[in-house]
Amino acid sequence: MDMDRKIAYFSMEIGLDAGMPTYSGGLGILAGDTIRSGADLKIPMVAVTLLYRKGYFYQRLDEQGRQSEQPVEWVVDDFLQEMPERVTVTLEGRPVQLRVWKYSIIGTAGYEVPVYFLDADLPENTERDRSLTDQLYGGDMCYRLCQETILGIGGVRMLRALGYHHIDRFHMNEGHASLLTFELLDEQLARTGQTKIDQSVIDTVRRMCVFTTHTPVAAGHDQFPMDLAQRVLGPERLASLQGIFAWDRTLNMTYLALNLSHYVNGVAKKHGEVSQHMFSTYVIDSITNGVHAATWTSPGFAVLFDKYIPGWRDDNFSLRYALSIPRAEVWQVHVLAKQRLVRYVNRECNAGLDVDTFTIGYARRLTPYKRPDLLFTDPERLRRIHSQVGPIQILYGGKSHPQDQGGKDLLARVFEAIQGLKEQVKVVFLPNYDMDLARMITSGVDLWLNTPQPPLEASGTSGMKAALNGVPSLSMLDGWWIEGCIEDVTGWAISPDHKTTETADRSMDATYLYDKLEKVILPMFYKDRDRFINVMLHAIALNGSFFNTQRMMQQYVLKAYFS
Ligand SMILES: *Cc1c(COP(=O)(O)O)cnc(C)c1O
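None of these values were measured; they are calculated from a predicted model.

**Q** Could you clarify how one ought to interpret the overall build of the protein chain in this entry?
**A** Along the backbone of the protein chain there are 21 helices and 19 strands. Against the 2.2 N^0.38 benchmark of 24 Å for 563 residues, the protein chain shows a C-alpha radius of gyration of 24 Å, consistent with a compact globule. Counting only C-alpha atoms, the protein chain reaches 75 × 50 × 45 Å along its principal axes. Each of the 563 residues in the protein chain was classed as buried or not, and the buried ones make up 62%. Once local pairs closer than 6 in sequence are excluded, the contacts in the protein chain between residues at least 24 apart make up 72%. Taking the average location of the 58 positive side-chain charges in the protein chain and that of its 67 negative ones, the two points are 3 Å from each other.

Laid out in structure tokens, this is it:
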């Protein structure tokens, strides 16, 4: 393992394996896919995150769709290798020891990118401190700030302890990792022998930092009351920056990262614009997200691509040649993935799904802005479409954040709707949505549905997974879909207009959704299969070839890492 790495990627969550509960949703999956493509492209990088011994939770659902959360039981050393290095961070004046575990990602040509998981569960620490790396997004504000200190400050220290001394880019994947800038400032002071942070110290650190923001909602940006921040981090630390940043009563992680990064981006074109508007005194670019193609392509399609597009794993752009794959083989491989999914669901849930029935998939983090209940706005209309235009069946999945009461209420509403439709339209809710389920659902349904309320979906990535498997999306024009949707070619838009604001009237969205299903998609699926397959092919050729992390990482390299 060479220590000559140039880029360190910091993320509060990284999804690498369904057996490791170290991610909650899109942000973590993106981080994992980013690193996988980094390894494929032999980008000299390392990644840092936290180890969550109890995970993001195991989801239990009762008959009414009430969610309870249980700690995930998993055996850390089945997945990770413990390293001998130890570092210390100071939290609320106490020293907290950290150890680290390594996971190796090996790219297509054998290049390794290590991912380091920081762990506070050591006998030297107090019970409370030992639990600091137990839960992802658990605990109170103090717990979170302690975690972010471990990630940012502990993470940089651990990289040094591991022998990485040539890193010249620190990539903060969302503001959770912003505190790494504090450690870099300290390092720079030590290097120059200065005692006070001045503009030249700031400029040096800025040149080293890159920041990707992920949420278009102001309230979604982490911030901590100043008295809490002073207690956890020490008053001197914040005082030394007071004159430089106009902080008042809160430590805002987004502003910290914005002030100390030389390159900042949003995760889709529209999200870049929304972020630019929100933080108008900074320059915010955009790099649209992607997914790791080989990870999210079903086994059947992988074989088909190997046959017709050899080398697609190393050159995702070549997926554009999918247009020349024989239609019949594409359909055959799709049916295979669908059969696998239907059999699984029938076995697990005794659901009686039918492989020939048009199947809609919807699964993601359940939270109000994603409107998981939009499809059930008018159950009568859904029933009518099902009985008069063509049968449909629906698969649902997703966890709600433990503290997201709005999300939990929606989960219960979805369950209620499922009950109400029971005798006619089959809707199955698959509990405990994770990477493995995601792989199966996004590849096995006929249509991927996404109903966010614009402009709140920064990007979204699950529709990209579907596209790689020839599954077209029916989605609101928001996030990546503004770029990915060509009507009737790669999929369909729910509502014709994306130039709307958060306060726009959305009362017609459900009607648009039903109209599109009834008048366009279902007739095409049942009566004009060739045209439907044509859309499937274009989903792969136009969207699979572009919305992948290989293209995304090439853009990060050009715009952020080596610029
Ligand atoms: C891809 C993925 C997500 C992200 O879904 P979006 O629809 O983009 O929000 C969330 N959870 C899991 C398990 C995933 O695999």
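Let's pick the thread back up.
**Q** I'm lost on the site of the ligand in this one. Help?
**A** Around the ligand there are 14 residues in total, and Arg364, Lys370, Thr461, Ser462 and Lys465 lie nearest to it. Lysine 370 is positioned with one of its side-chain polar atoms (N or O) 2.8 Å from an oxygen atom of the ligand. Here an oxygen atom of the ligand and a backbone polar atom of threonine 461 are 2.6 Å apart. For the shell around the ligand, the elements supplying multiple residues, two or more each, are α1 (26–40), α16 (435–444) and α17 (462–468).

**Q** When you look at the domain arrangement of the protein chain in this model, what are you seeing that I'm missing?
**A** The accessible area lost on association of the parts is a frequent measure of interface size. Looking at the protein chain, the domain boundaries give domain 1 (7–290) and domain 2 (329–540). Measuring from the centre of the C-alpha atoms in domain 1 to the corresponding centre in domain 2 gives 32 Å. Tallying the contact residues gives 32 residues for domain 1 and 31 residues for domain 2. There are 1 salt bridge connecting domain 1 and domain 2.

What counts, and where the lines are drawn
- Residues numbered from 1 in each chain as written.
- Predicted model: local features only at pLDDT ≥ 70, side-chain atom pairs only at ≥ 80, totals over all residues.
- Heavy atoms only, no water.
- Helix = DSSP H or I, 4+ residues; strand = E, 2+ residues; numbered from the N terminus.
- Rg over C-alpha atoms; globule rule 2.2 N^0.38 Å.
- Buried < 20%, exposed > 50% of the residue type's maximum accessible area, 1.4 Å probe, protein only.
- Contact = heavy atoms within 4.5 Å.
- Lys, Arg positive; Asp, Glu negative; His and termini not counted.
- Charge placed at Lys NZ, Arg CZ, Asp CG, Glu CD.
- Near = heavy atom within 4 Å.
- Polar contact = N/O pair within 3.5 Å; in protein donor to acceptor, adjacent residues only side chain to side chain.
- Domains from an automatic or database assignment.
- Salt bridge = Lys/Arg side-chain N within 4 Å of Asp/Glu carboxyl O.

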